[in-house]
Amino acid sequence: MRIIPAIDIIDGKCVRLSKGDYNTKIIYNENPLEVAKEFEAHGIEYLHLVDLDGAKSSQIVNYKILEQIATQTSLKIDFGGGLKADSDLKIAFESGANQITGGSIAVKNRELFGKWIAEYGADKIILGADANNEKVAVSGWLEDSNEDLIPFIQDYQNKGIQYVICTDIAKDGMLEGPSFDLYAKILNENKSLKLIASGGISTFDELPRLAELGCEGTIIGKAIYEGRISLKQLEQYILNK
């Protein structure tokens, strides 16, 4: 299972929110590049970079930080937040993103998101299926849709999607453990899915459990920043795989 630390950006700074609420913002580092370099120094190969300013403004905002990290580390970056038009995708890939994650766009403009999958390929486009009570949430989680999570994922699998990041909003940033039951349910219905678990990861022991369920990767945020999971532990986990 791939270990994918998260860096969320507001005003160019590395922050974390709880349950996607911008009022709960905690700044962990003024310099996201510094954080990314520290991840790389501990054998981490992947990074989940989220442009929270972009998610709010419906267009890519923090692409300069993406470019900085992509040119000054060898991390493979998946980038999300505010990708709403062909021009946003072009900027993201030109700035060094290895993959992009589309969430709101996949609900609000299926035709465009489907075009991206066809154009860039399923290895470049990740479906961000964020859930609130098994309903898909959009716009940086500021609104719920009426989409049921599992049929939504299956519909996009039929369009070629392979990678899905699923965040249970109720768990995100709460350090109360991930949604094991939800992930088991999704994987039960979609055996070939490359599911990336996100939200709620709070202790190192949860990682082998997610791997056992069949998760292809896991995104870890606050647990790293709050010292619940050390980079040394993650380094050992990667070495022992």
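As the structure is a computational prediction, the values presented were derived from the model and not from experiment.

**Remarks on the nonpolar core**
Counting residues in each nonpolar core, the largest one holds 68 residues, and the members touching the most others are Ile 7, Ile 69, Phe 113, Leu 127 and Ile 186. With sequence-adjacent residues up to four places away left out, Phe 113 is seen in contact with Gly 102, Ile 105, Ala 106, Ile 125, Ile 126, Leu 127, Tyr 156 and Ile 161.

**Considerations on the packing of aromatic side chains**
One pair of aromatic rings is described through two measures. These are the centre distance and the angle between the planes. Tallying each qualifying case throughout the model produces six aromatic pairs. Over the ring of Tyr 22 we find Lys 56; its NZ or CZ atom is 4.2 Å from the centre of that ring.

**Focus: the pairing of strand β1 (residues 2-10)**
For β1, the buried fraction is high: nine of the nine residues fall into the buried class. Taking every second residue as pointing to the same face, both faces of β1 are buried, with Arg 2, Ile 4, Ala 6, Asp 8 and Ile 10 on one and Ile 3, Pro 5, Ile 7 and Ile 9 on the other. Pairing analysis gives four bridges linking β1 to strand β13 (residues 217-220), with the strands arranged parallel. Bridging from a neighbouring strand, Ile 3 pairs with Thr 218 of β13. One ladder, built from four bridges, connects β1 with strand β4 (residues 46-51); its direction is parallel.

**Let's talk about the packing of helix α4 (residues 86-94) against helix α6 (residues 110-120)**
Helix-helix packing is described using two parameters, namely the angle between the two axes and the distance between the axes. Where α4 contacts α6, the axes come no closer than 11 Å and their chain directions differ by 40 degrees. For the element pair α4 / α6, the angle class is oblique. Of the two possible hands of crossing, α4 and α6 adopt the one that is right-handed. Facing α4, whose interface residues are Asp 86, Leu 89, Lys 90 and Phe 93, α6 presents Leu 112, Lys 115, Trp 116 and Tyr 120.

**So, the pairing of strand β6 (residues 99-102)**
Side chains Gln 99 and Thr 101 project from β6 onto one buried face, and the interleaved Ile 100 and Gly 102 project onto a second face that is buried too. One crossover worth recording links strand β5 (residues 76-80) to the parallel β6 by way of α4, and it is right-handed. One ladder, built from three bridges, connects β6 with strand β7 (residues 125-128); its direction is parallel. Residue pairing for β7: Thr 101 is matched across the bridge by Ile 126.

**Considerations on helix α11 (residues 231-239)**
Within the sequence span of α11, burial applies to Leu 231, Leu 234, Glu 235, Tyr 237 and Ile 238. Viewed end-on, α11 has its buried residues packed into an arc of 160 degrees, placing them on one side of the element. Looking at α11, the residues exposed on the side facing more than 90 degrees away from the buried face are Lys 232 and Leu 239. Check the buried side of α11 and you find it contacts β1, α1 (32-41), α9 (206-213), β13 and α10 (222-225).

**As for unusual backbone geometry**
Even without being glycine, Asp 11 reaches a positive phi, approximately 50 degrees. As for its position among the elements, Asp 11 is in the loop between β1 and β2 (13-18). Residue Asp 11 is classed as exposed on the basis of its relative accessible area, which comes to 55%. The residue Glu 134 is not glycine, and still its phi comes out positive at about 65 degrees. If you trace the backbone, Glu 134 turns up in the loop between β8 (131-132) and β9 (135-138). A residue is classified by how much of its surface remains accessible, and Glu 134, at 31% relative accessible area, is partly exposed.

**A short note on the environment of Val 35**
If you trace the backbone, Val 35 turns up in helix α1. Measuring from C-alpha to C-alpha, the distance between Val 35 and Ile 201 comes to 19 Å, with 166 residues separating the pair along the chain. Ignoring anything within four residues of it in the chain, the contact list for Val 35 reads Ile 7, Cys 14, Asn 29 and Tyr 225.

The rules behind each value
Throughout this document, residue positions are counted from 1 along each chain, in the order its sequence is written. With the structure being a predicted model, the display of local features is reserved for residues of pLDDT at least 70 and the display and counting of side-chain atom pairs for 80 or more, all residues being used for whole-chain, interface and lining totals. Note: side-chain values were computed over all heavy atoms of the structure, leaving out hydrogens and water. We call a set of buried Ala, Val, Leu, Ile, Met, Phe, Trp, Tyr and Cys residues a nonpolar core when their side-chain atoms join them within 4.5 Å. We call a residue buried when its accessible area falls under 20% of the maximum for its residue type, exposed when it is over 50%, and partly exposed in between, using a 1.4 Å probe and counting protein chains only. The contact criterion used throughout is that any non-hydrogen atoms of two residues lie within 4.5 Å. Whether two aromatic rings pair depends on their centres lying within 6.5 Å, for rings of Phe, Tyr and Trp, where Trp uses its six-membered ring; planes under 30 degrees apart make the pair stacked, over 60 edge-to-face, and the rest tilted. Comment: the charge-over-ring label is applied if NZ (Lys) or CZ (Arg) is within 6 Å of the ring centre and within 35 degrees of the ring normal. Put simply, DSSP H or I for four residues or longer makes a helix, DSSP E for two residues or longer makes a strand, and each gets a number counted from the N terminus. Any two strands are treated as partners once DSSP identifies two or more bridges connecting them. Where helices are involved, their axes are fitted lines through C-alpha atoms of the stretch in contact, as for all axes, and angles between N-to-C directions lie from 0 to 180°. Any angle that is under 35 degrees is reported as roughly parallel, and any over 145 degrees as roughly antiparallel; angles of 65 to 115 degrees are reported as roughly perpendicular and all others as oblique. Two helices crossing with the near one rotated counterclockwise from the far one by less than a right angle form a left-handed crossing, whereas a clockwise rotation gives a right-handed crossing. Here a crossover is taken to be right-handed if, once the strands point away from the viewer, the path from the first strand over the helix to the second is traced clockwise. The directions from the helix axis to the C-beta atoms are what the arc is built from.

Read these as layout, nothing more, since geometry by itself doesn't imply function.
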